[in-house]
Amino acid sequence: MNNRERLLREALRATRAGDEAGAEDRAWRVIAAAGAAEAGAAPRRRGRKRVVQVGLAVALVALAVSPAGASVGHWVVARIEPGAPHARPVLSSLPGNGSLLVNSSRGPWVVRPDGARRLLGDWTEASWSPHGLFAVVTEGHELAAVEPDGAVRWALTRPAAVGMARWNGPDGYRIAYLEGDRLRVVDGDGTDDRALARGVAWVAPAWKPGPGHVVAYATRGGAVIAAGADSGRRAFAVAGHGRVVSLQWTGGRLLVTRADRLQALDPSGRVAWTWNPPPGSAIGSATARRGRVAVVLRHGAASRLLLVAPGREAAILFAGPGRFAPARWSPDGRWLLAPWPSADQWLFLSPGTGAARPHAVANVAAQFAPGSTGAPFPSVAGWCCSR
Amino acid sequence: MLWGGGEEAAGSDAALVRAAQRGSEEAIEALFRRHWRRAHRAAYLIVRDADAAEDIAQEAFLAALRALDRFDRRRPFRPWLHRIVVNRAIDHARARALRREVGEAPEEPTAADAEGGLDPDLAAALAGLDPEQRAAIVLRYLLEYTPGEIARMLGLPRGTVNSRLRRGLDRLAATLEGVLR
């Protein structure tokens, strides 16, 4: 090796790949968790005790090296019960700014960054207005707009049960909601309530940000339609197979989530991007923010939270036994809240800044149903704004 | 310890692989801890993106551990793992270059670059190499494989490896007069 080569070697050795220690810690936790997630979910070899299989997790990160059910590597990670270690017993604060809206058996709660909680009232579900000034809430046949302190600004009653109400952004002039299989739209002040479509699947409609008041919805037949809420004119209608799990506009595209694929449709309805989960797994939910999609995958008795983005391989953020509920991005996109009903925990992860491990909060169900035992795990409806 | 010295003290790779194949969690973690940083850094030098490098190294480890029960213990573990990492990094770098050709903006230097992770001149010089040349440089001068070993790892003729190393070095030297002297 000549002098030039020695100098190059020293320069390369001196290089640091960012937060190396943090990356190592994160990687080991993912690998260990991915292995633990397979405990009991796959065949074991005779004579190997407490063997955990990591192979399916590998396939799940889009490596596609083997078909589902193929022989997988066997190595030991102690079988773990659902739940991250070192979880805080109570939710004392939220990372970053913004307030959570949490639907519980007691009704919707607003959770402030300092952890303070306020019950909005006797409503089944709630969703934020675009700037977090109000929430639209539903219960039975009633739809209402309420302030974060629970004060009702207006309400309307429909003949059939209503739900899945979503406020448009950024102007907040329209609210779309479902009444049975009908999609209806009402102005933000509670006036001019009208029907927009029939034969609609029970999937939250998605407003396209910006002017035009275009709303996308799924039909019972699996199609996805975008239409002007004021004009009724269709922007596009796309046929599809399989139930639509969710719709979300992101970066000018409509992210359509089905169990077997994610698709991003451009404003004319053409497929701009598709992502398929590995064989044997199904998409439970997907939530996009700034071009990144947090995807919950289910495989047998285990779940994984992945980060998927066009042009990049999927990365496992967390894996574990049981079921994960849909993740929610913080308003600034720096944090992900991953609810873990099987563990009665919330996990706060910071995929961009590379927090070494999730911040876990335990006893979630009881905190949103004080005084009761065996309360159902609440669902996180939104994480909004910097107020 | 990152660069040698610790492996003998903690047992050979072969012994750890044997133990891992028998189901020792400690052995698996030991293999991971022993090889992670070099694998991660190699990926970083090839793709020049700390986040992507972390993903690549992580997924390469998962792939390697997944296949561990089929791994031939007579073979050395280290080059096998590095081959997985380097091939994935090359694939990633190629895909990124392709995306740039179809209109995506070039990637900005990462925070790790800006914070001194990679000397800016060296980063610029490495950026001028194609991914295969970067991989050859990394395998030779970071991971210290011989050209013959690199040829076997990448499935290339030895002459091709020598050619990539020579051209890579020439291009780096032309750009890095200040850095390497």
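In this text the structure is predicted, and so the values were computed from the model without any measurement.

Basis of the calculations
- Residues numbered from 1 in each chain as written.
- Chains lettered and ligands numbered in written order.
- Predicted model: local features only at pLDDT ≥ 70, side-chain atom pairs only at ≥ 80, totals over all residues.
- Heavy atoms only, no water.
- Axes fitted to C-alpha atoms, helices over the stretch in contact; angles between N-to-C directions.
- Helix = DSSP H or I, 4+ residues; strand = E, 2+ residues; numbered from the N terminus.
- Parallel < 35°, antiparallel > 145°, perpendicular 65-115°, else oblique.
- Left-handed = near helix turned anticlockwise from the far one by under 90°.
- Contact = heavy atoms within 4.5 Å.
- pLDDT = per-residue confidence, 0-100.
- Salt bridge = Lys/Arg side-chain N within 4 Å of Asp/Glu carboxyl O.
- Buried < 20%, exposed > 50% of the residue type's maximum accessible area, 1.4 Å probe, protein only.

Student: Which parts of the structure should I look at to understand the packing of helix 3 (residues 25-47) of chain B against helix 4 (residues 50-66) of chain B?
Tutor: Describing two packed helices takes the angle between their axes plus the distance from one axis to the other. Residues and elements named next belong to chain B. As a packed pair, helix 3 and helix 4 sit with axes 8 Å apart at the nearest point and diverge in direction by 140°. In this view, helix 3 runs oblique relative to helix 4, as classed from their interaxial angle. Considering the relative orientation of helix 3 and helix 4, their crossing is right-handed. When helix 3 is examined against helix 4, the residues Ile28, Leu31, Phe32, His35, Trp36, Ala39, His40, Ala43, Tyr44 and Val47 are found in contact with a partner set consisting of Ala50, Ala52, Ala53, Glu54, Ile56, Ala57, Gln58, Phe61 and Leu65.

Student: How should I be thinking about the confidence of the model for chain B in this particular structure?
Tutor: Caution is warranted with low-pLDDT regions, since their predicted coordinates should not be read in detail. Residues and elements named next belong to chain B. For chain B, mean pLDDT is 78; residues scoring 70 or higher make up 77% of the total. Per-element mean pLDDT across chain B ranges from 39 in helix 1 (residues 6-10) up to 94 in helix 8 (residues 131-142). Under a pLDDT of 50 for its full length, residues 1-10 has, in the predicted model, 15 contacts with residues more than four places off or in other chains. Note that pLDDT drops below 50 for residues 100-116; the model gives that stretch 19 contacts with residues more than four away or on any other chain. For this predicted complex, the interface score ipTM comes out at 0.84, while the overall pTM is 0.58.

Student: Where do I start with the pattern of salt bridges in this structure?
Tutor: Pairing between side chains of opposite charge can happen when the charged atoms of each approach one another. With the rule as written, the count across this model stands at 23 salt bridges over all chains. A salt bridge links glutamate 24 of chain A to arginine 33 of chain B, with the shortest nitrogen-to-oxygen separation between them at 3.2 Å. Separated into two different chains, glutamate 24 of chain A in helix 2 (residues 20-37) and arginine 33 of chain B in helix 3 make up a pair that spans both. On the accessibility criterion, glutamate 24 of chain A (11% relative accessible area) is buried. Within the structure, one salt-bridge network assembled from shared partners comprises Arg174, Asp187, Asp192, Arg194 and Asp230 of chain A.

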